Amino acid sequence: MKFCAVKQYFDDENNNNITSGASTTMIPLPNVESHPLAILITYCKKHLKIKANNADNKKETEKEMEQYEQELLKKVMPQELTELILAANYLNFKEALDFFCRAVASAIQNKSIEFVRKFFGLESDFELGEEEKLREEFAWSFEGVDED
Amino acid sequence: MADWSQLPRDLLHLIAKRLKTRIDLLRLRSICSSWRSSIALTPKQHRHTPIPTTDDSKFILSLDLSVHTVYLIESQQEGSPPKRWLVKVFEDQHGRMHLLDPLSSSKVVGFDNLLLDLREFKVFELCQEHVLHRTAMYGVHEPWRSRPVVEVDKVAFMCVGPENNDFALVTPHRDGGGGGLAFFNSRIQQWITIGSHPATSSCIAVTHFEGKFYAVDTKGRTISIDQFLDSKVVTNLGSDAYMKYLVEAGGELLVVEAYLPFPNAEGLIGSESHRGLCIDYFEVSKLNKEGDKWVKVNSLGDWVLFLGIYSSFSVLASELPGCKGNCIVVTQPRWKEFNLDGHDTYVVELESGRSGPLENYPDFSKLLFPGDMGTSST
């Protein structure tokens, strides 16, 4: 289900019999900027289109969707991914949320901690004692002497 | 622009869940203290799992499943090309880490203590090897012999169940001889014997591939078994090869057959009088799409196969700096007065048929510890 939050709005509207036509309703989305919203709408439309084109072939749908997603990622700045994730989450758009989370995970996998910090624009705020605990988690310690 | 530090915890979890390796998770936890407290560290699975033994094994004290993991690690020094090493690591039930030889899986000793800070490396997890440690007490009635002995068996492992919380194992049947297999499911907690092969053959290779177990015996018989014990036969390879290995490469299951130069050459393997690789040549076949026939393969392309005692794995030559593809790296036991005295590793170039000890192939030998790790230890 796409854009669940929006659908919910429509359902509520219909129940209240306030408006008659979906095309003239303005839906307030205070937490979503226009740019990520535009991307999400495009993503949604593309997904529905691909699904319709490959009605019976689930594998084809997945393949085409993957290709589109790869193309989309090339156009999106890494920093925009936060907005997209927050927007997809607010709109309850599960597929897009899943996709953008996967995209972030791919972008940071097997990269150094410094790279990941720069990617998220965050800084280390660990105290000295905590840094030591971190070192332990990353330490591979091999004894060269046979215990036997 | 949105601030990542404001990312709600549940969204952070969604990202963390999509990280493929534990080390990536550790890195995400190391970004800042609030993320560290938000992301929980999942416990390591199947590090050391006790397995119930069969009822009629009076001598077996305990049976434990252990995991050995093969990693390709890369360190980068400023201004020089990245260096890579293949390491096989075993973490025992006390949390102690051991460095193992990637092929013989024997413990690597004789070096000064080594400490690797993984924050300084790129770490690629290549594969996992599972083994059964069987602690047996033979000669119970002979006090001078009653010392527990630990034997190691190769085993193929597969996660099963709706959330992959259970597992299934297949291992060459040990008790009572015969060429059969022993199958174990962690949900049922019982061993089942499969295969009605006559006692003249024994299962020599087992592996897990695309949701099924595959096993091949000395006679060249291959079967596939799924977790529900549905089995399928693959066309016979014949029994001329001295040794057979099962390995996955490029999404395909391969069987590698090692042939000796003449029928009784087996006695020469690794003996003191005949040092050097006793294998005359290797033949590689791949499993067809239908899963019922082995089809000969002429070249491995860019793949390098590492054939070990308990399991085998493959790596693309392009991932191994300076190494050629279409090669096999294989280990052979070394005997000294009828006692196992270690293993020797050889590199075989399939295209030319040339082979030699690992030392003759510096690009390969520096991959395996200690290689050229040199001053990486702190």
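Below: a short report on this structure. (Residues numbered from 1 in each chain as written. Chains lettered and ligands numbered in written order. Predicted model: local features only at pLDDT ≥ 70, side-chain atom pairs only at ≥ 80, totals over all residues. Heavy atoms only, no water.)

Describing the overall build of chain A
Assigned secondary structure in chain A consists of 7 helices and 1 strand. Reading the secondary structure of chain A in the N-to-C direction produces α-α-α-α-α-α-α-β. Evaluated residue by residue, chain A yields a buried proportion of 35% over its 148 residues. Within the structure as shown, chain A displays about 9500 Å² of accessible surface, and the carbon and sulfur contribution to it stands at 50%. (Helix = DSSP H or I, 4+ residues; strand = E, 2+ residues; numbered from the N terminus. Buried < 20%, exposed > 50% of the residue type's maximum accessible area, 1.4 Å probe, protein only. Areas by Shrake-Rupley, 256 points an atom, 1.4 Å probe, with all protein chains shown as cover.)

Let's talk about the packing of helix H2 (residues 34-53) of chain A against helix H5 (residues 94-108) of chain A
Residue and element names in this part refer to chain A. Remark: H2 packs on H5, axes separated minimally by 10 Å, with the N-to-C direction vectors making an angle of 110°. Classified by the angle between their axes, H2 and H5 sit roughly perpendicular to one another. Only Glu95, Ala96, Phe99 and Phe100 of H5 make contact with H2, whose side of the interface consists of Ile39, Leu40, Tyr43 and His47. When grouped by side-chain class, the residues that make up the contact of H2 with H5 number 6 nonpolar, 1 polar and 1 charged. (Axes fitted to C-alpha atoms, helices over the stretch in contact; angles between N-to-C directions. Parallel < 35°, antiparallel > 145°, perpendicular 65-115°, else oblique. Contact = heavy atoms within 4.5 Å. Nonpolar A, V, L, I, M, F, W, Y, C, P; charged D, E, K, R; others polar.)

Focus: unusual backbone geometry
The residue A:Asn110 is not glycine, and still its phi comes out positive at about 55°. Assignment of secondary structure puts A:Asn110 in the loop between H5 and helix H6 (113-120). In this structure, B:Gln189 takes a positive phi of about 60° despite not being glycine. Of note, B:Gln189 is situated in the loop between strand S9 (181-185) and strand S10 (190-194).

Considering the packing of aromatic side chains
For the structure shown, the criterion picks out 19 aromatic pairs over all chains. A centroid spacing of 5.4 Å and a plane angle of 25° characterise the contact between B:Phe157 and B:Phe167, whose relative ring orientation is stacked. Of the two residues, B:Phe157 is situated in strand S7 (residues 149-160) and B:Phe167 in strand S8 (residues 166-172); the sequence distance between them amounts to 10 residues. Three or more aromatic residues joined by ring pairs make a cluster, and in this case those are A:Tyr43, A:Tyr68, A:Phe93, A:Phe99 and A:Phe100. (Phe/Tyr/Trp six-rings, centres within 6.5 Å; stacked < 30°, edge-to-face > 60°.)

Structural notes on the sheet that holds strand S14 (residues 231-234) of chain B
Residue and element names in this part refer to chain B. Overall, antiparallel pairing links the 4 strands, which are arranged S11-S12-S13-S14 in an open sheet. Every other strand in the sheet has two partners, leaving strand S11 (203-209) and S14 as the edge strands with one partner each. Averaged over all pairs of adjacent strands, the angle between strand axes in this sheet comes to 20°, irrespective of strand direction. Taken together, the 4 bridges between strand S13 (residues 222-225) and S14 define a ladder with antiparallel strand orientation. Looking across to S14, one finds that Ser224 is bridged to Lys232. (Pairing = 2+ DSSP bridges.)

So, the nonpolar core
With 65 residues, the main nonpolar core has A:Phe100, A:Phe120, A:Trp140 and B:Leu28 as its most contacted residues. Considering every element that reaches this core, the biggest residue donor is H5(A), with 9 residues. Setting aside anything within four residues of it in sequence, one finds A:Phe120 in contact with A:Val104, A:Ile108, B:Trp4, B:Leu28 and B:Trp35. Counting residues in each nonpolar core, the second largest holds 22 residues, with B:Tyr245, B:Val256, B:Ile328 and B:Val330 among its members. (Core = buried A, V, L, I, M, F, W, Y, C linked by side-chain atoms within 4.5 Å.)

Brief notes about a nonpolar patch on the surface
Nonpolar side chains collect at one region of the surface, where B:Phe59, B:Tyr138 and B:Val149 lie side by side and expose about 230 Å² of accessible area between them. Within the secondary structure, B:Phe59 sits in the loop between strand S1 (48-50) and strand S2 (60-75). (Patch = residues over 30% accessible without salt bridge, like charges linked within 9 Å, V, L, I, M, F, W, Y side chains within 5 Å. Salt bridge = Lys/Arg side-chain N within 4 Å of Asp/Glu carboxyl O.)

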